[in-house]
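Spelled out from the first residue to the last, the chains are:
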Amino acid sequence: MSAQRILCPRLRQRIMDADAAAALIPAGANVGMSGFTGAGYPKAVPQALAARMRAHHDHGEADRISIWTGASTAPELDGALAEVDGIELRLPYQSDPVCRQKINEGRMEYIDIHLSHVAPYAWAGFFGKLDVAVIEVAGITEQGALIPSSSIGNNKTWIDLADRVILEVNHGQSAGLDGMHDVYYGTALPPHRQPIPLTGPQQRIGERYLHCPPEKIIAVVETNAPDRNSRFSEPDEASRRIAGHLLEFFSREVDAGRLPANLLPLQSGVGNIANAVLAGLADGPFENLTAYTEVLQDGMLSLLKSGKLASASATAFSLSPDANRDLAEHIDFYRDRIVLRPQEISNHPEVIRRLGVIAMNGMIEADLYGNVNSTHVMGTRIMNGIGGSGDFARNGYLSVFMTPSTAKDGAISTIVPMVSHVDHTEHDVQIVVTEQGLADLRGLPPRERARRIIEHCAHPDFRPRLLDYFERASASGRGLHTPHLLSEALSWHERYEQTGRM
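Quick notes on the rules
Residues numbered from 1 in each chain as written. Predicted model: local features only at pLDDT ≥ 70, side-chain atom pairs only at ≥ 80, totals over all residues. Heavy atoms only, no water. Helix = DSSP H or I, 4+ residues; strand = E, 2+ residues; numbered from the N terminus. Buried < 20%, exposed > 50% of the residue type's maximum accessible area, 1.4 Å probe, protein only. Contact = heavy atoms within 4.5 Å. Areas by Shrake-Rupley, 256 points an atom, 1.4 Å probe, with all protein chains shown as cover. Lys, Arg positive; Asp, Glu negative; His and termini not counted. Charge placed at Lys NZ, Arg CZ, Asp CG, Glu CD. 1 Å grid on protein atoms, 1.4 Å probe; cavity = no way out; pocket = protein on both sides within 12 Å on 5 of 7 lines; lining within 4 Å. Points joined across faces, edges and corners; volume = space filled by probe spheres on them. Nonpolar A, V, L, I, M, F, W, Y, C, P; charged D, E, K, R; others polar. Salt bridge = Lys/Arg side-chain N within 4 Å of Asp/Glu carboxyl O. Pairing = 2+ DSSP bridges. Axes fitted to C-alpha atoms, helices over the stretch in contact; angles between N-to-C directions. Parallel < 35°, antiparallel > 145°, perpendicular 65-115°, else oblique. Arc of directions from axis to C-beta. Core = buried A, V, L, I, M, F, W, Y, C linked by side-chain atoms within 4.5 Å.

A. How the structure looks around the overall build of the protein. Scanning the protein from N- to C-terminus turns up 18 helices and 25 strands. The principal-axis extents of the C-alpha atoms in the protein amount to approximately 75 × 55 × 45 Å. The burial tally for the protein puts 59% of its 502 residues in the buried class. Contacts in the protein between residues far apart in sequence, at least 24 positions, make up 73% of those at least 6 positions apart. Just so you have it, the protein exposes about 19,200 Å², and 50% of that area is on carbon and sulfur atoms. For the protein, the distance from the average site of its 47 positive side-chain charges to the average site of its 60 negative ones is 3 Å.

And the structure:
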């Protein structure tokens, strides 16, 4: 590789290999790394760091660090470092199977936190001092400005807070990303906060580059490697039915005058159900759509190409290999329609509420009253994390949670008497959708919410038992505002743990 992506003469002098750069990260450090949903994470330095840690551990020497990111990364980062027991603490979100196992075994500490809270918490010092930032960029300008790559996440915050900065300049990222980003430098902690002047998804309020004092940059590493590009499965029947229920609901809301004809800005979580909803929108009646979300996945690119989606704002991509090639081949087209922002802006509660975002997120389970668990299996085992779903659910104009009505080949009901872990309370959940139907909970008191969820969302195999539980709880003579049988409320989960079926 040549240094053609590194135009700043001063920073060309700091080019070194990944091993040398990793040696500059001391054991015990707090390290802020770029990366959000498998996009824009450093590829080489973490693997070199993992090799060093393995060698140290083989000689009985402790060598672990704490890792702060934007969200999930990839096997080259989370997986490699977790495999060698190199992570002391991880925040704010992960999806790596090795990390997950070690967190659930108690061998790795994990802070699961709303993504909009991460930058303010870091600035306030709640996580401690940030020693080093390792940030992937697509290039460095002659003046030393940093061209962000396929995600921004918390990169601005890590660069600003870290004592020292290591850059990975990835030649595998499209040079055409230059100009797609909008980096806002106007945030502050109380009492100095000012309104964020953003009133539309495509509006730009910041700068196209990240900035870092050159004296903080201690290493520049060149790479040429793709992001983690996972193929999405074709939507199954359950996903298509969930999408169908939701699109019918949107049409009814337009007819009732509660949504405009082009809906409102869309936020969509990552996954096959979300892609099925986006595919349904491509075939639906809605035109001139917009998106204000965290992540752009395949379905969003398809909507942009079809003309159905006019513009999209996010903090990162999460694309299949085919979609990533399409992005690179048509980067000029997409750059005019996509804005990538820091996650403290993409997930900012004030902006989400102002824009009236339609929040659509997945869940693990919901209970009779609309409380949602989106993070923990059987109450104690973390799956991934809350991510940004809470930022959007609490502040969006509509808050939708979606899942198939059963899991594990029908052994688990995703509608339960009481959720085993609460991430989103009933106060923040308006719409629950499964392949069985859609429950609109707006304006309903608790007992009516319960009947609506049982009738519309529960699988027929579990519906009679849910209704029986609810009716016996209602007849118990105890508090009847939110009836429960405390001796049975979590018995479905306990039964699964003991027998493998709810």
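Once the structure has been displayed, the description carries forward.
B. Region of interest: the layout of surface pockets. There is about 480 Å³ of room inside the second largest pocket. Considering the residues around the second largest pocket, the lining is formed by 28 residues, among which Ser 116, Pro 120, Arg 193, His 348 and Pro 349 are closest to the centre. For the lining of the second largest pocket, the secondary-structure elements that each account for two or more residues are helix H6 (115-124), helix H14 (349-355) and helix H15 (389-395). Element by element, the count of residues in the lining of the second largest pocket is highest for H6, at six residues. Tallied by class, the residues present in the lining of the second largest pocket amount to nine nonpolar, 11 polar and eight charged.

C. Spatial organisation of the pattern of salt bridges. Evaluated as defined, the whole model comprises 27 salt bridges. Between Arg 107 and Glu 105 there is a salt bridge, with the nearest N and O atoms lying 2.9 Å from each other. In this structure Arg 107 comes out as partly exposed when scored by relative accessible area, which is 40%. The partly exposed category is assigned to Glu 105, whose relative accessible area is 42%.

D. Representation of the sheet that holds strand E16 (residues 365-367) within the structure. Strand order across the open sheet formed by three strands is E17-E16-E23, with mixed pairing between neighbours. Whereas interior strands pair on both sides, the edge strands pair on one side only; in this sheet they are strand E17 (372-373) and strand E23 (415-416). Two strands pair when backbone bridges link them, and E16 and E17 are joined in this way by two bridges, in the antiparallel orientation. If you follow Ala 366 over to E17, its bridge partner there is Val 372.

E. Looking closely at the packing of helix H3 (residues 45-58) against helix H4 (residues 75-83). As a packed pair, H3 and H4 sit with axes 9 Å apart at the nearest point and diverge in direction by 0 degrees. Compared by their axis directions, H3 and H4 come out roughly parallel. On the side of H3, the interface is formed by Pro 46, Gln 47, Leu 49, Ala 50, Met 53 and Arg 54, while H4 contributes Glu 76, Leu 77, Ala 80, Leu 81 and Glu 83. Grouping the amino acids of the contact of H3 with H4 by side-chain chemistry returns seven nonpolar, one polar and three charged.

F. Representation of the pairing of strand E25 (residues 437-440) within the structure. The two faces of E25 match: Gly 437 and Ala 439 on one face and Leu 438 and Asp 440 on the other face are all buried. Both strand E24 (residues 431-434) and E25 contribute to a ladder of four bridges, which runs antiparallel. Bridged to Val 432 within E25 is Ala 439. Hairpin geometry of E24 and E25 is characterised by an intervening segment of two residues between the two adjacent antiparallel strands.

G. Fine view of helix H18 (residues 491-499). Those residues of H18 that fall on the buried side of the exposure criterion are Trp 492, His 493 and Tyr 496. All buried residues of H18 lie within an arc of 100 degrees about the axis, which places them on one face of the element. For H18, exposure combined with an orientation more than 90 degrees from the buried face picks out Gln 498 and Thr 499. Lining the buried residues of H18 we find E16, strand E22 (412-413), E23 and helix H17 (463-474). Following H18 by one or two positions, Gly 500 adopts a phi angle in the positive range, close to 90 degrees.

H. Up close: the nonpolar core. The biggest cluster of nonpolar side chains holds 72 residues, and the ones touching the most others in it are Ile 140, Leu 246, Phe 250, Leu 281 and Phe 317. Counting residues per element, this core draws most heavily on helix H8 (residues 237-255), at six residues. Other than its neighbours up to four places away in sequence, Leu 281 contacts Leu 247, Leu 263, Leu 266, Phe 286, Leu 289, Leu 303 and Lys 308. Judged by nonpolar contacts, the second largest core, of 37 residues, contains Phe 36, Leu 49, Ile 67 and Ile 382.

Read these as layout, nothing more, since geometry by itself doesn't imply function.
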